[in-house]
Amino acid sequence: MLPAFSDPSALATIALALLAGGMLKGALGLGAPVIAVPVLASVFDVKLAVALMVLPNLTSNLWQVRQFRASQVPGRFPWVFAGAGALGAVLGTGLLIWLASDTLKLILSAAVLAYVGLRLARPGFILSPLRAGRLAAPVGLVGGMLQGAAGISAPASVSFLNAMQLARPVFISTISLFFAATTAMQLPLLIAAGVMTPAVLVVGMLAGAPLFLGMRIGGRLVGAISPRAFDRMILVLLVGLAFKLAGDALV
C-alpha cells in the first residue's frame, strides 16, 4: 500500500495535493481533503490518502478553531454536530479498514460526485436555524462516517452548513470544529489498525507545510478572484477526479 516515500515524484504529488487543498481551505473555508484525498487516491490508494491527510487536517482545523473562536455559533449546535461527527468517524474508519481498495475508490468517487451535485442542484436552498438544530446530530453522524470511510465528509457536512447561509467566519469556525473532532478520532484508530505507520506519520507531519502555505495563498485569492469562479473551477476538477477514481476501480 505504501509508495516509496523516497521517490521524488511521490513526494511532489503529496505536496501539490496538500497545496491545492490548502488553497481551497484558505479561500472558501472548505476542507482541504475535498481536493487532496481524491488526488492522492488517484495516484496511490484510498487508505493511504485518508491516513496521510489526518495529521495535516487535524492541525489546520485546530488552528482555524482558535483563529475563528470569536465567531462560533452560540449554544449546543456546533458541539452536537461535531460530537456526532466524531462518533460517525469511528464507524467510518471501521469501514475504511475492512473494505477493499476498489470499493473505497467507488465510495470516494460517489461522495465527490454527490458533493458536486448538491452544490449545483440547490445553491439557493436555505435551512432555518430551528430545523438545522434538529438535524445536527444525524447529519453530523453521516458526515463523520464519510470522513472515516472516504476521507471526505463534504457531501453531508459542508452542504448542510452551506444551506444554513452562515457568514464566512461562522462557517469556518463550525466546520473546523467538526473536522477537528472527526480527525482526532481517526488518528488513534488508524494507528491501532496499522494503516497509520511510522512512515505515514512522518510524511503527514511534513505535509503541514504545503497545506498551510496553500491556506495563505487561498486567503489572498479571496480578493483576487471571485469565490464563485474559484468554486466552479474546483467543481470541474473534482468531477474529473471522481471519474478517474471510478474508472480505476472498475477497470
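The coordinates are above.
Residues numbered from 1 in each chain as written. Predicted model: local features only at pLDDT ≥ 70, side-chain atom pairs only at ≥ 80, totals over all residues. Heavy atoms only, no water.

Participant: Before we go on, may I ask you to explain the overall build of the protein chain in this structure?
Facilitator: The secondary structure content of the protein chain amounts to 11 helices and 0 strands. Its C-alpha atoms give the protein chain a radius of gyration of 17 Å, near enough to 18 Å, the size a compact globule of 251 residues would have. Here the C-alpha coordinates of the protein chain stretch approximately 50 × 40 × 35 Å along the principal axes. Restricting the contact set of the protein chain to residue pairs at least 6 apart, pairs at least 24 apart contribute 84%. (Helix = DSSP H or I, 4+ residues; strand = E, 2+ residues; numbered from the N terminus. Rg over C-alpha atoms; globule rule 2.2 N^0.38 Å. Contact = heavy atoms within 4.5 Å.)

Participant: What am I meant to see in the nonpolar core here?
Facilitator: Counting residues in hydrophobic clusters, the biggest one holds 66 residues, and the most contacted among them are Leu40, Phe77, Leu108, Tyr115, Phe160 and Leu161. In terms of residues, this core owes the most to one element, helix α3 (residues 46-67), which gives 9 residues. (Core = buried A, V, L, I, M, F, W, Y, C linked by side-chain atoms within 4.5 Å. Buried < 20%, exposed > 50% of the residue type's maximum accessible area, 1.4 Å probe, protein only.)

Participant: Got a minute to help me understand the packing of aromatic side chains in this structure?
Facilitator: Working definition: an aromatic ring pair is given by the centre-to-centre distance plus the angle between the planes. Enumeration according to the criterion identifies 6 aromatic pairs in this entry. Consider the rings of Phe77 and Phe81, whose centres lie 6.0 Å apart with planes at 10°: the pair is stacked. Of this pair, Phe77 and Phe81 both sit in helix α4 (residues 77-98), 4 residues apart, which is roughly one turn of that helix. Taking 6.1 Å as the distance between ring centres and 40° as the angle between the ring planes, the aromatic pair formed by Phe77 and Phe160 counts as tilted. Within this pair, whereas Phe77 is found in helix α4, its partner Phe160 is found in helix α7 (residues 157-163), the two being separated by 83 residues in sequence. When sorted by exposure, Phe77 lands in the same class as Phe160, which is buried. Counting every residue linked through ring pairs, the aromatic cluster contains Phe77, Phe81, Phe160, Phe178 and Phe179. (Phe/Tyr/Trp six-rings, centres within 6.5 Å; stacked < 30°, edge-to-face > 60°.)

Participant: Hey, could you run me through the environment of Thr13 in this one?
Facilitator: One can find Thr13 in helix α1 (residues 8-28). Sequence spacing of Thr13 and Asn61 is 48 residues, and the spatial spacing of their C-alpha atoms is 22 Å. If we skip the residues at most four places from it in the chain, Thr13 touches Leu40 and Val43.

Participant: Got a minute to help me understand a nonpolar patch on the surface in this structure?
Facilitator: Where nonpolar side chains cluster on the molecular surface, the patch consists of Val90, Met185 and Leu189 and spans about 180 Å² of accessible area. Mapped onto the fold, Val90 is located in helix α4. (Patch = residues over 30% accessible without salt bridge, like charges linked within 9 Å, V, L, I, M, F, W, Y side chains within 5 Å. Areas by Shrake-Rupley, 256 points an atom, 1.4 Å probe, with all protein chains shown as cover. Salt bridge = Lys/Arg side-chain N within 4 Å of Asp/Glu carboxyl O.)

Participant: Teacher, can you tell me more about the side chain of Thr182 here?
Facilitator: Within the secondary structure, Thr182 is located in helix α8 (residues 168-193). Not counting residues within four places of it along the chain, the set of residues in contact with Thr182 comprises Gly85, Ala86, Ala89, Gly144 and Gln147.

Purely geometric stuff here, so don't read any function into it on its own.
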